[in-house]
There are 2 protein chains.
Amino acid sequence: MTVLAVDLGGSHVSCALVEDARLIACESFPVARDQSLTAVLPQIEQILERLRTRDDRKEECEAVALSFCGLVDPGRKTVTAANGKYLDSASVDLNAWARARLNLPLFLENDARTALLGERFAGAGRGFDDVVTITLGSGVGGAAMIAGRLIRGKHFQAGCLGGHFVVDYHGRRCTCGNVGCLEAEASTWSLPTMAANHPAFAEITLRQAEDITFATVFPLAQAGDECAMGLRDACLRAWGAGCVSLIHAYDPEVLIIGGGVMAAADQILPEMERYIHAHAWTPWGKVCVRAAELGNHASLFGAIPLCQERLC
Amino acid sequence: MTVLAVDLGGSHVSCALVEDARLIACESFPVARDQSLTAVLPQIEQILERLRTRDDRKEECEAVALSFCGLVDPGRKTVTAANGKYLDSASVDLNAWARARLNLPLFLENDARTALLGERFAGAGRGFDDVVTITLGSGVGGAAMIAGRLIRGKHFQAGCLGGHFVVDYHGRRCTCGNVGCLEAEASTWSLPTMAANHPAFAEITLRQAEDITFATVFPLAQAGDECAMGLRDACLRAWGAGCVSLIHAYDPEVLIIGGGVMAAADQILPEMERYIHAHAWTPWGKVCVRAAELGNHASLFGAIPLCQERLC
């Protein structure tokens with residue numbers, strides 16, 4: 001099967017020609033924070049047209065699969081909540097656009113769900129029907145699948161709000177309005193507050209870092225910086241606790257951990273696996289804990305299973 | 001439809017003759033803590049035989065629906081984890097028992113899931129296809145349904161471990177081995193520890209209560225006892241946080257709160273509803289928060305939908 005794939009992220013758009021488990025060609029471009037969807041569609045259209053023409057796949061392409069960085073209704077093919085990105089997206093008729101401009105049927109899904117589909121199709125989730133993904137980075141995202149079917153829920157938000165499971169109900173206010181969400185306790189946006197509250201913050205190297213991000217925290221922690229080690233350990237425990245809740249919620253065989261933070265996978269993966277195996281109640285055995293394999297391309301690889309799921 | 005229903009609880013067994021949404025007749029008996037399943041089956045058999053004979057429904061009864069206080073495999077009709085109750089249950093061939101002794105097909109499910117089915121069929125969940133239940137009491141239990149289908153998971157533990165979602169990852173060790181589970185932070189078994197740690201515990205009435213249970217805490221809190229108020233408020237916040245995670249996990253239309261604690265529903269329900277509506281991220285609207293209506297009989301009412309689910 002050959003399809004066109006689009007991953008509409010918050011900071012980048014990626015377009016690809018996908019054939020089975022291969023990305024034949026791929027092009028990305030950055031988008032401004034306040035970009036409208038209407039404004040980027042012509043550019044997407046041009047790239048997709050170029051991809052399928054250049055590789056002489058115009059006839060083979062059966063559909064366009066669009067991953068979106070917000071909540072969507074995959075049946076009606078509409079965006080239901082865009083989290084401050086692409087503010088006009090709810091009013092854009094994507095289905096009509098795909099028909100009129102590309103002459104293809106459209107399949108639309110949340111990007112965390114397509115990333116899960118991708119990892120299962122061509123990455124760390126191969127061979128599993130019960131999968132949970134968690135993406136650790138600027139926020140905390142993820143998705144869930146039971147018995148080969150994505151968990152979507154009545155309002156399309158089931159399975160993908162693992163970053164907003166509470167891990168400390170005495171904790172910090174989250175951007176979502178809740179208190180003590182995993183994302184509020186351990187993510188890029190909460191790191192500077194975590195650092196400022198750490199008793200060793202005044203004395204240490206981390207304070208001199210330009211940005212307090214995981215890219216600075218993990219190397220400093222490995223070098224023995226006290227505050228960085230404290231932040232790293234607090235994050236690992238919070239992520240571990242969040243993963244245990246995800247396992248208790250969805251009962252998966254495999255938990256796949258991805259996101260920018262996994263640049264320090266050597267510090268993260270063994271510790272997370274240890275925490276999860278020590279704390280998750282799984283009388284049947286042990287959940288397999290794996291690093292995501294497809295990075296930023298996971299959603300593009302998810303295009304084929306998304307179209308197949310819908311077509312059958 | 002007419003079926004025989006059995007609810008195998010930790011401290012009681014209830015048997016009933018159920019016709020559509022009516023309990024025609026019901027009998028219960030207590031069981032010892034270390035009772036084996038083999039030892040109680042003859043008594044269950046006698047009661048069921050009496051129920052269907054007395055009410056002259058012997059011909060109409062189509063099945064026996066058994067709710068069990070542990071994890072079960074509803075396909076194989078076996079108990080997979082019994083939580084220290086009915087220790088022989090995994091080795092009992094319940095299907096063969098039902099065939100040989102009652103000449104009826106058996107349907108087996110976890111009691112929290114049958115209680116959800118019951119509330120949806122004849123109680124607080126009528127008219128909803130997307131339902132989460134939470135039962136607050138000696139432990140914290142529950143179940144989840146999406147689009148009219150129970151969430152079961154690969155190892156039959158999805159949906160029913162809401163009591164073991166983490167609400168405070170710095171918190172107390174739980175009986176399940178995890179840290180900071182909702183059940184470890186706010187349940188009957190964790191109340192005495194919570195009380196002993198409260199700064200006002202030494203001075204107050206609660207200490208003189210024979211047992212520190214919700215039955216003593218809620219009335220004392222209403223009477224202004226400082227420690228009891230502290231415990232009540234901590235529990236309400238922890239339960240509220242747990243409910244928000246459940247809503248984020250399963251995206252329901254309605255959340256049904258039950259359990260012995262709901263004797264103080266007037267102190268619990270408005271506060272939980274307020275917390276949930278203030279903290280759950282539900283851009284589509286508000287989750288309906290309701291008290292369970294069927295009490296200890298919910299699982300018995302779940303017998304009919306359980307048998308119908310399987311038959312079709």
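Parameters at a glance
- Residues numbered from 1 in each chain as written.
- Chains lettered and ligands numbered in written order.
- Predicted model: local features only at pLDDT ≥ 70, side-chain atom pairs only at ≥ 80, totals over all residues.
- Heavy atoms only, no water.
- Helix = DSSP H or I, 4+ residues; strand = E, 2+ residues; numbered from the N terminus.
- Rg over C-alpha atoms; globule rule 2.2 N^0.38 Å.
- Buried < 20%, exposed > 50% of the residue type's maximum accessible area, 1.4 Å probe, protein only.
- Contact = heavy atoms within 4.5 Å.
- Lys, Arg positive; Asp, Glu negative; His and termini not counted.
- Charge placed at Lys NZ, Arg CZ, Asp CG, Glu CD.
- Salt bridge = Lys/Arg side-chain N within 4 Å of Asp/Glu carboxyl O.
- Polar contact = N/O pair within 3.5 Å; in protein donor to acceptor, adjacent residues only side chain to side chain.
- Axes fitted to C-alpha atoms, helices over the stretch in contact; angles between N-to-C directions.
- Parallel < 35°, antiparallel > 145°, perpendicular 65-115°, else oblique.
- Nonpolar A, V, L, I, M, F, W, Y, C, P; charged D, E, K, R; others polar.
- Least-squares fit on C-alpha atoms with pLDDT ≥ 70 in both.
- Left-handed = near helix turned anticlockwise from the far one by under 90°.
- Pairing = 2+ DSSP bridges.
- Buried area = accessible area lost by both parts, 1.4 Å probe.
- Arc of directions from axis to C-beta.
- Phe/Tyr/Trp six-rings, centres within 6.5 Å; stacked < 30°, edge-to-face > 60°.
- Core = buried A, V, L, I, M, F, W, Y, C linked by side-chain atoms within 4.5 Å.

1. Describing the overall build of chain A
Secondary structure summary: chain A contains 10 helices and 12 strands in total. Here chain A has a C-alpha radius of gyration of 20 Å; the compact-globule value for 312 residues is 20 Å, and the two agree. The proportion of buried residues among the 312 residues of chain A is 59%. Contacts in chain A between residues at least 24 apart in sequence constitute 63% of all its contacts with a sequence separation of at least 6. Across chain A, the centroid of the 27 positively charged side chains sits 4 Å from that of the 36 negatively charged ones.

2. Let's talk about the side chain of A:Glu183
Residues and elements named next belong to chain A. Along the chain, the position of Glu183 falls in helix H4 (residues 182–185). Buried within the structure, Glu183 lacks any salt-bridge partner; Lys85 is the closest side chain of opposite charge, at an N-O distance of 9.8 Å. For Glu183, the side chain forms a polar contact with the side chain of Trp189, separated by 2.9 Å. Here Glu183 is in contact with Gly139, Val140, Gly163, His164, Thr175, Trp189 and Ser190, once residues within four sequence places are set aside.

3. A word on the packing of helix H6 (residues 214–222) of chain A against helix H8 (residues 265–279) of chain A
Residues and elements named next belong to chain A. At a closest axis distance of 10 Å, the pairing of H6 and H8 adopts a crossing angle of 80°. Taken as axis vectors, H6 and H8 run roughly perpendicular relative to one another. Of the residues in H8, those in contact with Phe218, Pro219, Ala221 and Gln222 of H6 are Asp266, Gln267 and Ile268. Residues belonging to the contact of H6 with H8 are distributed by class as follows: 4 nonpolar, 2 polar and 1 charged.

4. With respect to the relation of the copies chain B and chain A
Copy one and copy two of the chain differ by a rotation about a common axis and a shift along it. Once chain B is rotated about the relating axis by 180° and shifted along it by 0.0 Å, it coincides with chain A to within an RMSD of 0.0 Å. Between the two chains, the operation in question is that of a two-fold axis. Residue B:Asp168, judged by its C-alpha, is the member of chain B lying nearest the rotation axis, at 2.0 Å. Most of the interface of chain B is mirrored in chain A, where 100% of its interface residues are also at the interface.

5. Considerations on the packing of helix H7 (residues 226–250) of chain A against H8(A)
Residue and element names in this part refer to chain A. Following both chains from N to C, one finds H7 and H8 inclined at 50°, their axes separated by 9 Å at the closest point. Regarding the angle of H7 to H8, the classification is oblique. Pair H7 / H8 crosses with right-handed handedness. Across the interface between the two elements, Arg232, Leu236, Arg237, Trp239, Gly240, Ala241, Cys243, Val244, Ile247 and His248 of H7 pack against Gln267, Ile268, Glu271, Met272, Tyr275, Ile276 and His279 of H8.

6. Focus on the pairing of strand E7 (residues 106–110) of chain B
Residue and element names in this part refer to chain B. Judged by how many residues are buried, E7 sits mostly within the fold: 5 of 5 residues are covered. As defined by bridge partners, strand E4 (residues 61–68) adjoins E7 across 5 bridges and the pair is classed as parallel. Within E7, the residue paired with Ser67 across the bridge is Glu109.

7. Considerations on the interface of chain B and chain A
Taken residue by residue, the interface counts 46 residues in chain B and 46 residues in chain A. For the pair chain B and chain A, the summed buried area comes to about 3,800 Å², and 58% of that belongs to carbon and sulfur atoms. The largest per-residue losses of area from chain B upon contact with chain A belong to B:Tyr169, B:His248 and B:Trp281, which jointly make up 20% of the total buried on that side. Remark: the boundary between chain B and chain A carries 2 salt bridges. The salt bridge partner of B:Lys154 is A:Glu253, with a shortest N-O separation of 3.9 Å. At the surface where chain B touches chain A, the tally comes to 24 residue pairs in polar contact (both at pLDDT 80 or more). Within the residue set of the side of chain B that touches chain A, elements represented by two or more residues are helix H7 (226–250) and helix H8 (265–279) of chain B. Top contributing element to the side of chain B that touches chain A by residue count: H7(B), with 9 residues. Within the side of chain B that touches chain A, the residues separate by chemical class into 25 nonpolar, 13 polar and 8 charged.

8. A short note on helix H2 (residues 94–102) of chain A
All names here are of chain A. Of the residues making up H2, those classed as buried are Leu94, Trp97, Ala98 and Leu102. Seen end-on, H2 carries its buried residues on one side only, within an arc spanning 95°. Buried residues along H2 sit in contact with helix H1 (37–54), strand E4 (61–68), strand E6 (78–81) and strand E7 (106–110). The first or second residue beyond H2 is Asn103, which carries a positive phi of 55°.

9. Points about the packing of aromatic side chains
Residues and elements named next belong to chain A. Inspection of every chain in the model, using the stated rule, returns 10 aromatic pairs over all chains. Seen from their ring centres, Phe214 and Phe218 are 5.9 Å apart, and the 40° between their planes marks the pair as tilted. Taken together, the residues Phe214 and Phe218, both in helix H6 and 4 residues apart, mark about one turn of the helix. Here Phe214 falls in the buried class, since its relative accessible area comes to 6%. Judged by relative accessible area, which is 1%, Phe218 ranks as buried.

10. Remarks on the nonpolar core
The biggest cluster of nonpolar side chains holds 107 residues, and the ones touching the most others in it are A:Trp239, A:Tyr250, A:Ile257, A:Ile268, B:Trp239, B:Tyr250 and B:Ile268. Among residues more than four places away in sequence, those in contact with A:Tyr250 are A:Val132, A:Ala144, A:Ile146, A:Ile151, A:Ala158, A:Gly159, A:Phe165, B:Ala158, B:His248, B:Ala249 and B:Tyr250.

Geometry only, nothing functional implied.
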